[in-house]
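# What the coordinates show
Residue-level listing of the chains:
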Amino acid sequence: MTATLVSDSPSSRHLPCLDGLRAVAVSMVIVTHFGYPALGGLGVSIFFVLSGFLITTLLLRELEATGTVSLQGFYARRSLRIFPAYYTFLAFSAAIDFHHGDPRIQPVIVPALFYYLNYYHALHGHSEASIAHAWSLAVEEQFYLIWPLAFLWVTRWQRARLPLALLLTIGAVAVWRTVAYTFLSLGQSWAYDAFDCRCDALATGCLLAVLLRHPKVVRALAAAARHRLLLVAVLPLIVWIEVVDDGRLRYSVGFTVNAILIAFVMSQLLARPQTLVGRLLESGPLRSIGKVSYGMYLYHVWGLTVGLHLAHSHGPLGLLVGYVATVGFALVSYYVIEKPFLNFKQRFATPTAAVAGAADPSGAVLR
């Protein structure tokens, strides 16, 4: 029998520790956007690695169960999960901004509507509009469009080459980003926002999902998980690349190194969820936040705005009130907009479409 980690166990279709990790990631983004020096960029990188891992896990399970992947089913499920909440958020934001005469949304509304806001930022610099954070959702959507097609092409050609193809992709992106930032002087916006400079994190998550199908890799990761100090040593390195580095490392190979380290941390959590960190991530509050993290990511700018107005404070009280308001927005989004459309996803369900509750920032709830 093929060796497995917790993530691929038949009795573990739900991945609660990844729910908690998603909650941590969205909280990093919220704290950063409130104005505190934090790890918002790291939170986005976590989302990217999670997305690659979770989507590829589903694609592999469908391929193993049916011998192929239904592109129609895949795109239908993604559309039902992502588009209703996303376009409701855009309409909500545009209505408020136009009502208050905020001109910052005007140049970015069309790029946001058609999911190329990341390249608008790459070319024009990062916007300060209320929907500017949707750039990462554009990266996600471009991944959803491209990866299933590439996955099918490679697996039909020679599935054994899939890890090599992903490794070459990760390396090529790291080299290209280094050239673009260091030698072509395309700037931080291109290195940070453009899909061609950030898809290495998504590919790293994809690679983790593929490698967890290999017994030798699983045994090696499980053995590493027994050395808890290894995980403790990795975390400061991730933070250092994100915060301490002046950008020369981060915008060259730093994003790639961090994605690999994040994937390693995920593998350790899946191998030993009973550790202190694993138990914290599987706690009820974090899992509940993770469940509605898509809505939190969408509406956190408005939630933080409410917090500032109600608390009249840019301090911890304003952040707390803003965080609670963000959860409120997310709950309304989930139960009023998202959940009704989730019921339609059953019409496009596959025999393997159930890694229940795990999701990425753009709402790729795998169930």
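Residues numbered from 1 in each chain as written. Predicted model: local features only at pLDDT ≥ 70, side-chain atom pairs only at ≥ 80, totals over all residues. Heavy atoms only, no water.

### Description of the overall build of the chain
Looking only at helices and strands, one finds 16 helices and zero strands in the chain. Within the chain, the fraction of its 367 residues that count as buried is 57%. Considering only intrachain contacts with a sequence separation of at least 6, the fraction spanning at least 24 residues in the chain is 74%. (Helix = DSSP H or I, 4+ residues; strand = E, 2+ residues; numbered from the N terminus. Buried < 20%, exposed > 50% of the residue type's maximum accessible area, 1.4 Å probe, protein only. Contact = heavy atoms within 4.5 Å.)

### Details of the packing of aromatic side chains
Tallied over the full model, the rule gives 23 aromatic pairs. Centroid distance Tyr299 to Phe329: 5.6 Å. Interplanar angle 5°. Geometry classified as stacked. Of this pair, Tyr299 sits in helix H15 (residues 293-311) while Phe329 sits in helix H16 (residues 316-344); the two residues are 30 residues apart in sequence, bridging distant segments of the chain. Taking 5.0 Å as the distance between ring centres and 90° as the angle between the ring planes, the aromatic pair formed by Tyr334 and Tyr335 counts as edge-to-face. Feature note: the residues Phe48, Trp135, Tyr181, Tyr192, Tyr251 and Phe255 constitute an aromatic cluster, connected by ring pairs. The ring of Tyr192 has Arg198 lying over it, and the distance from NZ or CZ to the ring centre is 4.9 Å. (Phe/Tyr/Trp six-rings, centres within 6.5 Å; stacked < 30°, edge-to-face > 60°. Lys NZ or Arg CZ within 6 Å of the ring centre and 35° of its normal.)

### What about a nonpolar patch on the surface?
Among the surface-exposed residues, Tyr87, Val110, Leu113, Phe114 and Tyr116 lie close enough to one another that they form a single nonpolar patch of about 460 Å² accessible area. Relative to the elements of secondary structure, Tyr87 occurs in helix H3 (residues 71-99). (Patch = residues over 30% accessible without salt bridge, like charges linked within 9 Å, V, L, I, M, F, W, Y side chains within 5 Å. Areas by Shrake-Rupley, 256 points an atom, 1.4 Å probe, with all protein chains shown as cover. Salt bridge = Lys/Arg side-chain N within 4 Å of Asp/Glu carboxyl O.)

### Re the environment of Arg22
With respect to the helices and strands, the residue Arg22 is situated in helix H1 (residues 16-34). Judged by relative accessible area, which is 1%, Arg22 ranks as buried. Note: C-alpha distance between Arg22 and Phe47 (25 residues apart in sequence) is 6.9 Å.

### What about the confidence of the model for the chain?
Reading predicted coordinates in detail is not appropriate for stretches of low pLDDT. Model confidence for the chain is summarised by a mean pLDDT of 87, while 89% of its residues fall at 70 or above. Overall, residues 1-13 carries pLDDT values under 50, and its contacts beyond four positions in sequence, including any with other chains, amount to 29 contacts. Overall, residues 353-367 carries pLDDT values under 50, and its contacts beyond four positions in sequence, including any with other chains, amount to 68 contacts. (pLDDT = per-residue confidence, 0-100.)

### Thoughts on the layout of surface pockets
One number sums up the size of the largest pocket: a volume of about 660 Å³. Lining the largest pocket are 32 residues, and of these Val29, Thr32, His33, His126 and His133 lie nearest its centre. Of all the secondary structure elements, the ones that give two or more residues to the lining of the largest pocket are H1, helix H2 (40-66) and H15. The element contributing the most residues to the lining of the largest pocket is H15, with six residues. Taken together, the residues of the lining of the largest pocket break down into 16 nonpolar, ten polar and six charged. (1 Å grid on protein atoms, 1.4 Å probe; cavity = no way out; pocket = protein on both sides within 12 Å on 5 of 7 lines; lining within 4 Å. Points joined across faces, edges and corners; volume = space filled by probe spheres on them. Nonpolar A, V, L, I, M, F, W, Y, C, P; charged D, E, K, R; others polar.)

### Some words on the nonpolar core
One finds Leu18, Phe53, Tyr86, Ile131, Trp147 and Met266 to be the most contacted residues of the largest nonpolar core, which totals 103 residues. Sorting elements by how many residues they give to this core places H2 first, with 13 residues. (Core = buried A, V, L, I, M, F, W, Y, C linked by side-chain atoms within 4.5 Å.)

### Considerations on the environment of Thr326
Turning to its location among the elements, Thr326 is positioned in helix H16. As a C-alpha pair, Thr326 and Gly307 span 19 residues in sequence and 8.8 Å in three-dimensional space.

### Considerations on the packing of H1 against helix H12 (residues 250-271)
It is at 9 Å that the axes of H1 and H12 come closest, and there the two elements cross at 140°. It follows from the interaxial angle that H1 and H12 lie oblique. As H1 runs across H12, the sense of the crossing is right-handed. Contacts from Cys17, Leu18 and Leu21 of H1 reach H12 at Met266, Leu269 and Leu270. Of the residues assigned to the contact of H1 with H12, the class counts are six nonpolar, no polar and no charged. (Axes fitted to C-alpha atoms, helices over the stretch in contact; angles between N-to-C directions. Parallel < 35°, antiparallel > 145°, perpendicular 65-115°, else oblique. Left-handed = near helix turned anticlockwise from the far one by under 90°.)

### Re unusual backbone geometry
For Ser185, which is not a glycine, the phi torsion comes out positive at approximately 55°. Relative to the helices and strands, Ser185 resides in the loop between helix H7 (162-183) and helix H8 (188-193).

### Regarding the side chain of Thr326
On the basis of relative accessibility, which here comes to 0%, the residue Thr326 falls in the buried class. Ignoring anything within four residues of it in the chain, the contact list for Thr326 reads Ile30, Met296, Tyr299, His300, Gly303 and Leu304.

### A few points about the pattern of salt bridges
Side chains that differ in charge, positive against negative, can pair when their charged atoms come close. Evaluated as defined, the whole model comprises eight salt bridges. With its nearest N and O atoms 3.8 Å apart, the salt bridge here joins Glu62 to Arg77. Residue Glu62 is located in helix H2, and its partner Arg77 is located in helix H3; the two are separated by 15 residues in the primary sequence. For the pair Glu62 and Arg77, a shared accessibility class is recorded, and that class is buried. For the salt bridge of Arg104 with Asp102, the shortest nitrogen-to-oxygen distance reads 2.8 Å. Judged by its relative accessible area of 40%, Arg104 is partly exposed. The class of Asp102 is buried, set by a relative accessible area of 17%. Several salt bridges share partner residues, and in doing so they unite Asp102, Arg104 and Glu128 into one network.

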